[in-house]
Amino acid sequence: MSGWLTTFLVGIAMTYVFFGLMMLLERYIVKRMRAEREEERRRRRSFEWRDES
């Protein structure tokens, strides 16, 4: 293989790895944010139930 083709293929591979890691990181962050939001909702509901009784 010629030099530029090897460089091109390595660049594409590194880009795929980079975007794969970014997607995993984004999924982890979104999952944590959703869990925090759900926890906040649960906390609010329990406060509302206490207020009503």
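The present account deals with the structure reproduced in this document. Since the structure is predicted, the reported quantities are computational estimates derived from the model, not experimental observations.

What counts, and at which threshold
Residues numbered from 1 in each chain as written. Predicted model: local features only at pLDDT ≥ 70, side-chain atom pairs only at ≥ 80, totals over all residues. Heavy atoms only, no water. Helix = DSSP H or I, 4+ residues; strand = E, 2+ residues; numbered from the N terminus. Buried < 20%, exposed > 50% of the residue type's maximum accessible area, 1.4 Å probe, protein only. Areas by Shrake-Rupley, 256 points an atom, 1.4 Å probe, with all protein chains shown as cover. Phe/Tyr/Trp six-rings, centres within 6.5 Å; stacked < 30°, edge-to-face > 60°. Patch = residues over 30% accessible without salt bridge, like charges linked within 9 Å, V, L, I, M, F, W, Y side chains within 5 Å. Salt bridge = Lys/Arg side-chain N within 4 Å of Asp/Glu carboxyl O.

1. Regarding the overall build of the protein
Along the protein, the regular secondary structure elements total one helix and zero strands. Taken over 53 residues, the protein has a buried fraction of 0%. Total accessible area computed for the protein in this model is approximately 5,400 Å², and 65% of it derives from carbon and sulfur atoms.

2. Brief notes about the packing of aromatic side chains
Across all of its chains, the model carries one aromatic pair by this definition. Each ring, one from Phe18 and one from Phe19, has its centre 5.7 Å from the other, and the planes form 70°; the classification is edge-to-face. With a relative accessible area of 47%, Phe18 lands in the partly exposed category.

3. Quick word on a nonpolar patch on the surface
On the surface, a nonpolar cluster with roughly 1,000 Å² of combined accessible area is contributed by Val17, Phe18, Phe19, Leu21, Met22, Leu24, Leu25, Tyr28, Ile29 and Met33. Position of Met33 among the secondary structure elements: in helix H1 (residues 3-52).

4. Concerning the pattern of salt bridges
Tallied over the entire structure, the rule returns four salt bridges. For the salt bridge of Glu36 with Arg32, the shortest nitrogen-to-oxygen distance reads 4.0 Å. Taken together, the residues Glu36 and Arg32, both in helix H1 and four residues apart, mark about one turn of the helix. Of the charged contacts, one joins Glu39 and Arg42 as a salt bridge, the two residues approaching to 3.4 Å between their closest N and O atoms. You can see Glu39 and its partner Arg42 sitting in helix H1, three residues apart, about one turn around the helix.

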